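# Overview (structure and organization)
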Amino acid sequence: MRLIVVKDYDEMSKAAAKEMAAVVNSNPKAILGLATGGTPEGMYKELIRMNKAGEIDFKDVTSVNLDEYVGLGGDHPQSYRYFMNNHLLDHINIDKSRTFVPNGLAEDVNEEGRKYDQMIDDLGGIDMQLLGVGTNGHIAFNEPDGELVAGTHLTGLTKSTIESNSRYFDSEDDVPKTAVTMGLGQIMKSKKILLIASGENKAEAMKELFSGKISTSCPVTMLQMHKDVTVILDEAAASLLK
Ligand code: PGA
């Protein structure tokens, strides 16, 4: 794993945008795996700026997202489709018909997940997958558990994730309790992985990532088995690394 430690959130965002721009600039038809959450917001702002400045062209890019809440449609302000449109896709020159987010309203979520994986495989796979990480070590909605699922699937959310995501909802009760998420198998098939984390509350998960041990109770540790991972941390997220 390639580790880059920078001063703060702003520098992390700029460094991450640069990594993604390099992929698109070397392959204008890149398939980008995108993520939601507070962490990538700054990076998306930087990508919008770069797009407007002519430093990155999304015209022929395809995007696929990691996850979506079950029960929320794309016009719901807390849905991840809405987040993506609002924070990135509506502000860059990407063809919206080539931007994909798992369907949280599907009747059979697991069946829809199989189709999502097939679509990604048919596209030729993800060139760069962006990941954030949960304070509990989850990636996408692959929560700590005795086992992890390979494909895109229906999953329950842990109490800590519900608590942490309740900041975006009126109350904790309003946070959906289930989601559809890309699984670890599909994530690991990505040609490159870019993981970003900022803040002290991510330091413990980052310590696990660099511990040399792999455990399903800390899903992010699986990334140690991938051959092309770049990790960009601010000093606070890196504070427990030796
Ligand atoms: P955050 O979430 O970027 O809002 O911290 C990351 C995650 O839970 O994967």
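Each value, and the rule that gives it
- Residues numbered from 1 in each chain as written.
- Predicted model: local features only at pLDDT ≥ 70, side-chain atom pairs only at ≥ 80, totals over all residues.
- Heavy atoms only, no water.
- Helix = DSSP H or I, 4+ residues; strand = E, 2+ residues; numbered from the N terminus.
- Rg over C-alpha atoms; globule rule 2.2 N^0.38 Å.
- Contact = heavy atoms within 4.5 Å.
- Lys, Arg positive; Asp, Glu negative; His and termini not counted.
- Charge placed at Lys NZ, Arg CZ, Asp CG, Glu CD.
- Near = heavy atom within 4 Å.
- Polar contact = N/O pair within 3.5 Å; in protein donor to acceptor, adjacent residues only side chain to side chain.
- Areas by Shrake-Rupley, 256 points an atom, 1.4 Å probe, with all protein chains shown as cover.
- Nonpolar A, V, L, I, M, F, W, Y, C, P; charged D, E, K, R; others polar.
- Patch = residues over 30% accessible without salt bridge, like charges linked within 9 Å, V, L, I, M, F, W, Y side chains within 5 Å.
- Salt bridge = Lys/Arg side-chain N within 4 Å of Asp/Glu carboxyl O.
- Buried < 20%, exposed > 50% of the residue type's maximum accessible area, 1.4 Å probe, protein only.
- Pairing = 2+ DSSP bridges.
- UniProt positions renumbered as here; feature names shortened; annotations may be inferred.
- Axes fitted to C-alpha atoms, helices over the stretch in contact; angles between N-to-C directions.
- Parallel < 35°, antiparallel > 145°, perpendicular 65-115°, else oblique.
- Left-handed = near helix turned anticlockwise from the far one by under 90°.
- Expected span 1.5 Å × (residues − 1).
- Phe/Tyr/Trp six-rings, centres within 6.5 Å; stacked < 30°, edge-to-face > 60°.

## Brief notes about the overall build of the chain
The helix and strand inventory of the chain stands at seven helices and ten strands. Scaling as 2.2 N^0.38, a compact globule of 242 residues should have a C-alpha radius of gyration of about 18 Å, and the chain matches this with 17 Å. Summarising its shape, the C-alpha atoms of the chain cover approximately 45 × 45 × 35 Å along the three principal directions. At a minimum sequence separation of 6, the contacts of the chain that also span at least 24 residues come to 77%. Here the chain contributes 25 positively and 36 negatively charged side chains, and the mean placements of these two sets differ by 6 Å.

## Quick word on the site of the ligand
Residues in close proximity to the ligand include Gly37, Gly38, Thr39, Gly132, Val133, Gly134, His138, Arg167 and Lys202, which together make up its full environment. Take Arg167: an N or O atom from its side chain is 2.8 Å from an oxygen atom of the ligand. Interatomic distance of 2.6 Å between a side-chain N/O atom of Lys202 and an oxygen atom of the ligand. In isolation the ligand offers 280 Å² of accessible surface; the protein chains occlude 82% of this area. Grouping the constituent residues of the shell around the ligand by class yields one nonpolar, six polar and two charged.

## Some points on a negative patch on the surface
On the surface, Asp170, Glu172, Asp173 and Asp174 cluster together into a negatively charged patch. Inspection of the secondary structure puts Asp173 in the loop between α5 (159-165) and β8 (178-181). Residue Asp173 is classed as exposed on the basis of its relative accessible area, which comes to 69%.

## Description of the sheet that holds strand β2 (residues 31-34)
The strand order β1-β10-β9-β6-β2-β3-β5 describes an open sheet built from seven strands, whose pairing is parallel. What marks the edges here is a single partner per strand, and that holds for β1 (2-6) and β5 (99-100). Pairing geometry for β2 and strand β3 (residues 62-65), over four bridges, is parallel. Bridging across to β3, Leu34 finds its partner in Asn65.

## A few points about the UniProt feature "domain: Glucosamine/galactosamine-6-phosphate isomerase" (unreviewed entry) in the chain
Per the UniProt annotation, the sites labelled "domain: Glucosamine/galactosamine-6-phosphate isomerase" (unreviewed entry) are residues 11-229. Secondary structure content for residues 11-229 is 32% helix and 15% strand, and the end C-alpha separation is 19 Å.

## Focus on the packing of helix α1 (residues 9-26) against helix α2 (residues 41-52)
One can describe the packing of α1 onto α2 by two numbers: an axis separation of 8 Å at closest approach and a directional angle of 55°. Comparing the axis directions of α1 and α2 gives the class oblique. For the crossing formed where α1 meets α2, the hand is right-handed. When α1 is examined against α2, the residues Tyr9, Ser13, Lys14, Ala16, Ala17, Met20 and Ala21 are found in contact with a partner set consisting of Glu41, Gly42, Met43, Glu46, Leu47 and Met50. Partitioned by chemical class, the residues of the contact of α1 with α2 number eight nonpolar, two polar and three charged.

## Regarding helix α4 (residues 109-123)
Between its first and last C-alpha atoms α4 spans 21 Å; for 15 residues at 1.5 Å apiece the expected length is 21 Å, and the two agree. Tucked into the core, α4 has its buried residues touching β3, β5, β7 (153-156), β8 and α6 (184-188). Two or three places before Asn110, at the opening of α4, Asp108 has a side-chain oxygen 3.3 Å from that residue's backbone nitrogen. Directly beyond the C-terminal end of α4, a positive phi value near 105° is found at Gly124.

## Things to note about the packing of aromatic side chains
One pass over the full model with this rule turns up four aromatic pairs. Ring geometry for Tyr69 and Phe141: centres 5.8 Å apart, planes at 40°, overall tilted. You can see Tyr69 sitting in strand β4 (residues 67-69) and its partner Phe141 sitting in the loop between β6 (128-131) and β7, a full 72 residues away along the chain. Here Tyr69 and Phe141 have matching classes, each one buried. Between the aromatic rings of Tyr80 and Phe141, the centroid separation amounts to 6.0 Å while the plane-to-plane angle is 15°, which identifies the pairing as stacked. With Tyr80 in helix α3 (residues 80-87) and Phe141 in the loop between β6 and β7, this residue pair connects regions lying 61 residues apart in the sequence.

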